Amino acid sequence: MEPTLNQASIILAASDHEPDIVTQEWLEQNSILKEEPIEFVYRQGRLFVETENYSINLVAQQLKIAAKNSNTEVLNNLQIIANQYIETLPKLSYNAVGLNYNWQVLSTDADLLKKTLVANPKKFDRAIPDKTYGIGGFIYYEYQAFNVFLMVISEPDDHIAADFNYHSDITDSQQLSQKIS
């Protein structure tokens, strides 16, 4: 049961991101993206940039930088890209950061989540005798300076998905960089 990281992203929330100023040249000049864009679309206050390894979605309230694969170097560069953006625009009204990870596990036990999350599996089987259901759950906890929301769900073919969202409110760009690290 070795987990596989499917997706990772960093979200920078601010009330005043300016998608209008972000051009391909601006991203290159400020060393935010070192890869050549495959797609660069700006439409009505929304920016989408895609490279071989990353995607960037920018609107007035949030910047989302996502890795397109789980290569260690690509994942480490998420932090570098986010920090370079923050260094370029330190005076934005940053108010929160989110670190998101989606893991998948191939279980050798088809009933693992039922055994783990259901208090009385036999009673559950009597109440829901049809075996086409899925089991899942939500867990909320605090981890260091973050509030963590974990969603665990069963998927087809005995896969289990675990979505972690680490959220932290911040008041300035220095706090933001510290929390991303």
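Before any of the text, the structure's been laid out above.
This text gives an overview of the structure that appears in the document. Everything numeric here is computed off the predicted structure, so don't read it as measured data.

**Some points on a nonpolar patch on the surface**
And then number 1: On the surface, F138, Y140 and F149 cluster together into a nonpolar patch covering about 380 Å² of accessible area.
And then number 2: Within the fold, F149 resides in strand β8 (residues 146-155).

**Section: the packing of aromatic side chains**
And then number 1: For the structure on display, the rule yields six aromatic pairs.
And then number 2: Geometrically, the ring pair formed by F138 and F149 is stacked, given 5.5 Å between the ring centres and 25 degrees between the ring planes. Remark: F149 occurs in strand β8 and F138 occurs in strand β7 (residues 136-143); sequence separation between them is 11 residues.
And then number 3: Look at F149 and you get partly exposed, because its relative accessible area is 37%.
And then number 4: Taking the centre distance of 6.3 Å and the plane angle of 20 degrees together, the rings of F164 and Y166 count as stacked.
And then number 5: Taken together through their ring pairs, the aromatic side chains of Y101, Y143, F146, F164 and Y166 make up a single cluster.

**Structural notes on helix α2 (residues 72-88)**
And then number 1: With 17 residues, α2 extends 25 Å between its outermost C-alpha atoms, agreeing within 8% with the 24 Å of an ideal straight helix rising 1.5 Å per residue.
And then number 2: All of the buried residues along α2 are V74, L78, I81, A82, N83, Y85 and I86.
And then number 3: The inward-facing, buried residues of α2 abut β1 (4-14), α1 (24-29), β4 (54-59), β5 (62-67), β6 (94-106) and α5 (173-180).
And then number 4: With a side-chain oxygen lying 2.7 Å from the backbone nitrogen of E73, the N-terminal cap of α2 falls on N71.

**Points about the nonpolar core**
And then number 1: In terms of nonpolar packing, the biggest core is built from 35 residues, with I10, L12, Y85, Y94, V97, L176 and I180 touching the most fellow members.
And then number 2: What L12 contacts, discounting residues up to four positions off in sequence, is H17, Q61, Q62, L63, A82, Y85, I86, Y94, A96, V97, L176 and I180.
And then number 3: Core analysis: the second largest hydrophobic core is formed by nine residues, V105, V118, L150 and V152 among them.

**Some remarks on the sheet that holds β6**
And then number 1: Taken together, the nine strands give an open sheet; going across it, the order is β2-β3-β4-β5-β1-β6-β9-β8-β7, and neighbouring strands pair in antiparallel fashion. Across the chains shown, the open sheet's two edge strands, defined by having one partner strand only, are β2 (39-43) and β7. Direction aside, neighbouring strands of the sheet carry axes that sit 10 degrees apart on average.
And then number 2: Where β4 lies against β5, six bridges are found, and the strand directions are antiparallel. Opposite V59, over in β5, you have Q62 as the bridge partner.
And then number 3: This element, α2, spans β1, β4, β5 and β6 of the sheet and lies at about 5 degrees to β1.
And then number 4: α5 contacts β1, β6, β8 and β9 (159-169) of the sheet and is inclined by roughly 15 degrees relative to β6.

Rules of the game
- Residues numbered from 1 in each chain as written.
- Predicted model: local features only at pLDDT ≥ 70, side-chain atom pairs only at ≥ 80, totals over all residues.
- Heavy atoms only, no water.
- Patch = residues over 30% accessible without salt bridge, like charges linked within 9 Å, V, L, I, M, F, W, Y side chains within 5 Å.
- Areas by Shrake-Rupley, 256 points an atom, 1.4 Å probe, with all protein chains shown as cover.
- Salt bridge = Lys/Arg side-chain N within 4 Å of Asp/Glu carboxyl O.
- Helix = DSSP H or I, 4+ residues; strand = E, 2+ residues; numbered from the N terminus.
- Phe/Tyr/Trp six-rings, centres within 6.5 Å; stacked < 30°, edge-to-face > 60°.
- Buried < 20%, exposed > 50% of the residue type's maximum accessible area, 1.4 Å probe, protein only.
- Expected span 1.5 Å × (residues − 1).
- Contact = heavy atoms within 4.5 Å.
- Polar contact = N/O pair within 3.5 Å; in protein donor to acceptor, adjacent residues only side chain to side chain.
- Core = buried A, V, L, I, M, F, W, Y, C linked by side-chain atoms within 4.5 Å.
- Pairing = 2+ DSSP bridges.
- Axes fitted to C-alpha atoms, helices over the stretch in contact; angles between N-to-C directions.

The values reported here are purely geometric and, on their own, carry no functional implication.
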